[in-house]
Amino acid sequence: MENKRAALSVGPVYYLWDGPKWRDFYFRIADEADIEYVTLGETVCSKRQHFSEPHVADVIERLEAAGKQVTLSTLAMVTLERESRHMRDLIRDSDHPVEANDLSALGLLKGQPHSIGPLVNVYNAATARTLASRGASNICLPPELPAVSIQRMLDDMPGFSFELFAFGRMPLAISARCAHARSKGLTKDNCQFICGEEPDGLALRTLDRQSFLVLNGVQTMSNSCAVLLDDLAPFVEAGLARVRLSPQDCDMVGVTDIYRAVLDGRIDGDEALANLSAVYPGVRFSNGFLHQQEGAAWVARGRGAAVAQG
C-alpha cells in the first residue's frame, strides 16, 4: 500500500522583522524550501503592517512562481476601526484564500473557501464540522491539543484538510495591551516598535530565574519551541493533510529540510532532533501538550513520562 504523504506549510511570521528581512525570508522559502503552502501577513499587531506591506506583492509573486500556494492571514485581535476596515478590505478584495485568526473574520468569510488558523480554538469535531459547513476548507489545529483529540477529529472527518502546528514557539495569548513595550518603559501607543529588538521574542524568567514565557508585542508565546517529529506518522496515516512550521529567527529552510526528511522516512526522530538542535541552538524543545503533559515538557520516544530537554 502506498504511504500517505502530508504537505508541509510555513505559517506567518509572528515577530517584527524589518521589511527587507521579512521579504528575503520568504524569497528564500520560495527558492529553496521543499514545501507546498505558505501563509503570510501580519497576524499580531496592525502597527507592524507598514514594514511588510511594501514587499507583499513581490513575495507573493516569487512564492507562486516557485509553485507555492499562498494564503493571507488576518489579525488575531481586531480592536480598532482601521483594523476592522483592513480585514474587510482584505477579505473582499483578495485573490487568495484568507486564514481567519479571529472570530470576527468568520462572518465575513462565510460561504467562501477559507482557512482557520491555530489561534482559533478548534478543540473538537463538532466545532470543526460547523466551521467546514460555513466554508472552511483547512483548519490548522491549536498547538495545545492532545493527541487523542487530534486523532478523534481525523477519524470523525475523513478527507477534510487538517493541519498540525509542528514547529515553533506556541502562541498562547494575545492582549489589547503591549507587555513587551511596557517591559521597556513604553506604552503601546508610543512603543517605538521596540519589539523589533527581539526578532525571536523577549524571553521572560520567574523570580527564581526559571525560563517561563516569551513576549512578542501584544502576544504571549511559549518559551520552549514545539517540536513534533516521531509523533507525526500516526496522524499522517490517519489522513493529516498538512504539517505547519512557524517561522523562528533561525535557518527555516534547514528546518523544512529536516521535516521533509522525517515525513519521507529518510531519517528518524532522533537524527532529526539532533539536526534541529544544530539549526536552532540554545532553545528548549517541547511536545508536552500532545502527550497530555504540561506544554513545556519533552516526552521522549518510548517514554511514558515527561523528561527535561537541554
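On a predicted model such as this, the values are computed, not experimentally measured, just so you know.

Some remarks on the overall build of the protein
Working step 1: Each helix and strand in the protein was counted, giving 11 helices and 12 strands.
Working step 2: A principal-axis box enclosing the C-alpha atoms of the protein has dimensions of 50 × 50 × 40 Å.
Working step 3: Taking all 310 residues of the protein together, 53% fall into the buried category.
Working step 4: Across the protein, the fraction of contacts at a sequence separation of at least 24, relative to all contacts at a separation of at least 6, is 66%.

Some words on the nonpolar core
Working step 1: If you look at the biggest cluster of nonpolar residues, it comprises 87 residues, and the most contacted ones within it are Ile29, Phe162, Phe167, Val227, Val243 and Tyr259.
Working step 2: Of all the elements, helix H10 (residues 252-263) adds the most residues to this core, at 8 residues.
Working step 3: Residues in contact with Phe162, not counting those within four places in the same chain, are Ala128, Asn138, Ile139, Leu141, Met153, Leu154, Met157, Leu240, Ala241 and Arg242.

Some details on the confidence of the model for the protein
Working step 1: Per-residue confidence for the protein gives a mean pLDDT of 92, with 96% of residues at or over 70.
Working step 2: A low-confidence stretch, residues 303-310 stays under pLDDT 50, and its non-local contacts, those more than four residues away or across chains, total 14 contacts.

Focus: the side chain of Ser46
Working step 1: Its place among the elements puts Ser46 in the loop between strand E2 (37-40) and helix H2 (49-52).
Working step 2: If near-sequence neighbours (up to four positions away) are discounted, Ser46 is found in contact with Leu75, Arg82 and Glu83.

A word on the packing of aromatic side chains
Working step 1: Under the counting rule described, the total for this entry stands at 7 aromatic pairs.
Working step 2: Pairing Phe160 with Phe162 gives two aromatic rings, centres 5.0 Å apart and planes at 65°, and the pair type is edge-to-face.
Working step 3: Under the relative-accessibility criterion, Phe162 is labelled buried at 0%.
Working step 4: For the ring pair Phe167 and Tyr280, a centre distance of 6.0 Å and an interplane angle of 55° mean the geometry is tilted. In this pair, Phe167 is assigned in strand E7 (residues 161-174) and Tyr280 in the loop between helix H11 (269-279) and strand E12 (285-286), connecting sequence segments 113 residues apart. No difference in accessibility class separates Phe167 from Tyr280, as the two residues are buried.
Working step 5: A network of ring pairs unites the aromatic residues Trp17, Trp22, Phe25 and Tyr26 as a single cluster.
Working step 6: Over the aromatic face of Trp17 sits the side chain of Lys21, whose NZ or CZ is 4.8 Å from the ring centroid.
Working step 7: Sitting over the face of the ring of Phe27, Arg62 holds its NZ or CZ atom 4.1 Å from the ring centroid.

Examining the side chain of His180
Working step 1: Counting through the fold element by element, His180 comes out in helix H8 (residues 179-182).
Working step 2: You can call His180 buried: its relative accessible area is 0%.
Working step 3: Of note is the side chain of His180, whose polar atom sits 2.8 Å from the side chain of Glu198.
Working step 4: Here the side chain of His180 touches Gly217 through a polar contact of 3.0 Å, landing on its backbone nitrogen.
Working step 5: Residue contacts for His180: discarding those within four places in its chain leaves Ile194, Cys195, Glu198, Leu202, Leu215, Asn216 and Gly217.

Description of the pairing of strand E3 (residues 69-73)
Working step 1: Among the 5 residues that make up E3, 4 are buried, leaving the element largely enclosed by the rest of the structure.
Working step 2: Note that E2 and E3 share 4 bridges and pair parallel. For Leu40, the partnering residue across the bridge sits in E3 and is Leu72.
Working step 3: For E3 and strand E4 (residues 98-100), the ladder comprises 2 bridges, and the chain directions are parallel. In the strand pairing of E4, Ser73 is matched with Glu99.
Working step 4: In this view, the connection linking E3 to its parallel neighbour E4 by way of helix H4 (residues 81-93) has right-handed handedness.

Structural notes on H11
Working step 1: All of the buried residues in H11 are Gly269, Ala272, Leu273 and Leu276. Along H11, the residues classed as buried sweep out an arc of 100° about the axis, all on the same side.
Working step 2: Buried residues along H11 sit in contact with E7, strand E10 (219-227), H10 and E12.

Points about the state of the cysteines
Working step 1: A complete count under the given rule lists 0 disulfides for this structure.
Working step 2: As a non-bridged cysteine, Cys140 has Cys225 as the owner of its nearest cysteine sulfur, 14 Å distant.
Working step 3: In this structure Cys140 comes out as buried when scored by relative accessible area, which is 0%.

Reading the values: the criteria
Residues numbered from 1 in each chain as written. Predicted model: local features only at pLDDT ≥ 70, side-chain atom pairs only at ≥ 80, totals over all residues. Heavy atoms only, no water. Helix = DSSP H or I, 4+ residues; strand = E, 2+ residues; numbered from the N terminus. Buried < 20%, exposed > 50% of the residue type's maximum accessible area, 1.4 Å probe, protein only. Contact = heavy atoms within 4.5 Å. Core = buried A, V, L, I, M, F, W, Y, C linked by side-chain atoms within 4.5 Å. pLDDT = per-residue confidence, 0-100. Phe/Tyr/Trp six-rings, centres within 6.5 Å; stacked < 30°, edge-to-face > 60°. Lys NZ or Arg CZ within 6 Å of the ring centre and 35° of its normal. Polar contact = N/O pair within 3.5 Å; in protein donor to acceptor, adjacent residues only side chain to side chain. Pairing = 2+ DSSP bridges. Right-handed = clockwise from strand over helix to strand, strands pointing away. Arc of directions from axis to C-beta. Disulfide = S-S within 2.5 Å.

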